[in-house]
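Topology and contacts: notes
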Amino acid sequence: MSGNVMEWCWNWYTSKYNTVTEGGSDPTGASWGYYRVRRGGSRSTDSDRCAVSNRNNDDPYRLNYLLGFRVVRSALTE
């Protein structure tokens, strides 16, 4: 999903993305950190950095009007 804002993720950011801590088919992120992960690009990002695979970090206590989030819920199982 791409849109007008970068996606704000719950994961803590780590520069060691491809390690056991965060890599794999369902990465959960570092156990703690100072910055949260953000993905994709916004309306003010260069087109070559707008892919959902673009990964960066941001301070969770800083206001940024170019960040949004996706509301999800777990699938119902019977």
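Computed from a predicted model, the values in this text were never measured in an experiment.

Section: the pairing of strand 1 (residues 6–12)
- Note: strand 1 against strand 4 (residues 67–68), 2 bridges, orientation parallel. Of the residues in strand 4, the one forming a bridge with Glu-7 is Gly-68.
- As paired strands, strand 1 and strand 2 (residues 36–39) are joined by 3 bridges and run antiparallel to one another. Paired with Glu-7 across the bridge in strand 2 is Arg-39.

Description of the pattern of salt bridges
- According to the stated counting rule, one finds 2 salt bridges in the structure shown.
- Taking the shortest distance from any N to any O, the salt bridge between Arg-38 and Asp-58 comes out at 3.1 Å. Within this pair, whereas Arg-38 is found in strand 2, its partner Asp-58 is found in strand 3 (residues 55–58), the two being separated by 20 residues in sequence. Grouping residues by exposure puts Arg-38 and Asp-58 together as buried.
- Linking Asp-58 and Arg-62 is a salt bridge whose minimum nitrogen-to-oxygen distance equals 3.2 Å.

Observations regarding a nonpolar patch on the surface
- Taken together, the side chains of Trp-32, Tyr-34 and Tyr-35 make up a nonpolar region of the molecular surface, amounting to roughly 430 Å² of accessible area.
- Inspection of the secondary structure puts Tyr-35 in the loop between strand 1 and strand 2.
- Owing to a relative accessible area of 40%, Tyr-35 belongs among the partly exposed residues under this scheme.

Remarks on the packing of aromatic side chains
- Under the criterion given, the structure shown has 1 aromatic pair.
- A cation sits over an aromatic face here: Arg-36 above Trp-12, 3.6 Å from the ring centre.

Side note on the environment of Arg-43
- Within the fold, Arg-43 resides in the loop between strand 2 and strand 3.
- In this structure the C-alpha to C-alpha distance between Arg-43 and Leu-66, which are 23 residues apart in sequence, comes to 7.8 Å.
- Discounting residues that sit within four places of it in the chain, Arg-43 has contacts with Asn-4, Tyr-65 and Leu-66.

Description of the sheet that holds strand 1
- One open sheet accounts for 4 strands, arranged 3-2-1-4; its pairing is mixed. Strand pairing shows two members of the sheet lacking a second neighbour, strand 3 and strand 4, which therefore form its edges.
- Relative to strand 3, strand 2 is paired through 4 bridges, and the arrangement is antiparallel. Looking across to strand 3, one finds that Arg-38 is bridged to Asn-56.

Here is what the cut-offs are and how they apply
Residues numbered from 1 in each chain as written. Predicted model: local features only at pLDDT ≥ 70, side-chain atom pairs only at ≥ 80, totals over all residues. Heavy atoms only, no water. Pairing = 2+ DSSP bridges. Helix = DSSP H or I, 4+ residues; strand = E, 2+ residues; numbered from the N terminus. Salt bridge = Lys/Arg side-chain N within 4 Å of Asp/Glu carboxyl O. Buried < 20%, exposed > 50% of the residue type's maximum accessible area, 1.4 Å probe, protein only. Patch = residues over 30% accessible without salt bridge, like charges linked within 9 Å, V, L, I, M, F, W, Y side chains within 5 Å. Areas by Shrake-Rupley, 256 points an atom, 1.4 Å probe, with all protein chains shown as cover. Phe/Tyr/Trp six-rings, centres within 6.5 Å; stacked < 30°, edge-to-face > 60°. Lys NZ or Arg CZ within 6 Å of the ring centre and 35° of its normal. Contact = heavy atoms within 4.5 Å.

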